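Listed below are the residues making up each chain.
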Amino acid sequence: MNYFCIKIKLGWCGVVGSEKGLKEIILPSLSRTMVIKRIKTTYPDIIPKRRLFNDFIEAVKIYFQTGRLNFRGNLDLANITAFNRSVYRVVKTIPPGAVRTYGWVAKQLKKHKAVRAVGNALAKNPLPLVIPCHRVIRSDGTLGKFSALAGISLKKRLLELERKTTDYTD
């Protein structure tokens, strides 16, 4: 397991990967130390290695300039449940700048009553941006929750960034 920290306009991000691919993304935090502490809490024996993440680092920098993430690298979803993977597949179809509800995701899965389970799956999303859980909101139009260190304010900023830089309308 390896990691690397990335400095962006909003703070510090972290990325964790294995030989299988990208495993976890830590969204912007105020300090590099906070990101490393969070990574090492989960992965105590992890070591830094930038070159494994060059494509993703470039994609993140472009995302925070354009609102578009163009990353097609491998993902390591080995420890993700089948239900959560199915939720993530649906969420990946939501275009930048658009939002959908937790209920919409559940309906796409043909599990209409699984709204809470969808929310729980998204709260455990290890790959935000790649799996854009920030595009999922409550049925009343409010943003709901966001499990990133910066919380709901970051969810709002990501949506604003994508809406500002896209021609897509829902």
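(A) Broad picture of the overall build of the protein. Looking only at helices and strands, one finds six helices and six strands in the protein. Mapped from its N terminus to its C terminus, the protein presents α and β elements in the order β-β-β-α-β-α-α-β-α-α-β-α. Here the C-alpha radius of gyration of the protein, 15 Å, is about what a compact globule of 170 residues would show, namely 15 Å. In terms of overall dimensions, the protein has C-alpha extents of about 40 × 35 × 25 Å along its principal axes. Across the 170 residues in the protein, those meeting the buried criterion constitute 48%. Across the protein, the fraction of contacts at a sequence separation of at least 24, relative to all contacts at a separation of at least 6, is 60%. On the protein, roughly 9500 Å² of surface is accessible, and the fraction owed to carbon and sulfur atoms is 51%. With 32 positive and 11 negative side-chain charges, the protein shows a separation of 5 Å between the mean positions of the two kinds.

(B) Local environment of the packing of aromatic side chains. Under the criterion given, the structure shown has two aromatic pairs. Centroid distance phenylalanine 56 to phenylalanine 71: 5.2 Å. Interplanar angle 85°. Geometry classified as edge-to-face. Placement of phenylalanine 56 in helix 2 (residues 54-66) and of phenylalanine 71 in the loop between helix 2 and helix 3 (82-91) is noted, with a sequence separation of 15 residues between them. The burial state of phenylalanine 56 is the same as that of phenylalanine 71; both residues are buried. Taken together, a centroid distance of 5.1 Å and an interplanar angle of 85° make the contact between tyrosine 63 and phenylalanine 64 edge-to-face.

(C) Examining the environment of aspartate 45 more closely. Tracing the sequence through the fold places aspartate 45 in the loop between helix 1 (32-42) and strand 4 (47-48). Among the residues examined, aspartate 45 registers a relative accessible area of 73% and is labelled exposed. Residues aspartate 45 and isoleucine 62, spaced 17 residues apart in sequence, show a C-alpha to C-alpha distance of 30 Å.

(D) Quick look at the confidence of the model for the protein. In the predicted model, the protein carries a mean pLDDT of 89, and the fraction of residues at 70 or more is 95%. Below a pLDDT of 50 lies the segment residues 166-170, which in the model reaches 10 contacts outside its immediate sequence neighbourhood of four places, other chains included.

(E) Seen up close, the pattern of salt bridges. Taken as a whole and assessed by the stated rule, the structure comprises two salt bridges. When the shortest N-O distance is used, the salt bridge between lysine 23 and aspartate 76 registers 3.7 Å. On the criterion of sequence distance, the pair formed by lysine 23 in strand 3 (residues 21-29) and aspartate 76 in the loop between helix 2 and helix 3 is long-range, its members being 53 residues apart. We note that lysine 23, like aspartate 76, is buried. With a closest N to O distance of 2.9 Å, glutamate 162 and arginine 135 form a salt bridge. With a gap of 27 residues between them, glutamate 162 in helix 6 (residues 152-164) and arginine 135 in the loop between helix 5 (115-123) and strand 6 (136-137) connect regions that are remote in the sequence. Looking at glutamate 162, the relative accessible area reads 0%, which means it is buried. Judged by relative accessible area, arginine 135 falls into the buried class, the value being 7%.

Criteria and cut-off values
- Residues numbered from 1 in each chain as written.
- Predicted model: local features only at pLDDT ≥ 70, side-chain atom pairs only at ≥ 80, totals over all residues.
- Heavy atoms only, no water.
- Helix = DSSP H or I, 4+ residues; strand = E, 2+ residues; numbered from the N terminus.
- Rg over C-alpha atoms; globule rule 2.2 N^0.38 Å.
- Buried < 20%, exposed > 50% of the residue type's maximum accessible area, 1.4 Å probe, protein only.
- Contact = heavy atoms within 4.5 Å.
- Areas by Shrake-Rupley, 256 points an atom, 1.4 Å probe, with all protein chains shown as cover.
- Lys, Arg positive; Asp, Glu negative; His and termini not counted.
- Charge placed at Lys NZ, Arg CZ, Asp CG, Glu CD.
- Phe/Tyr/Trp six-rings, centres within 6.5 Å; stacked < 30°, edge-to-face > 60°.
- pLDDT = per-residue confidence, 0-100.
- Salt bridge = Lys/Arg side-chain N within 4 Å of Asp/Glu carboxyl O.

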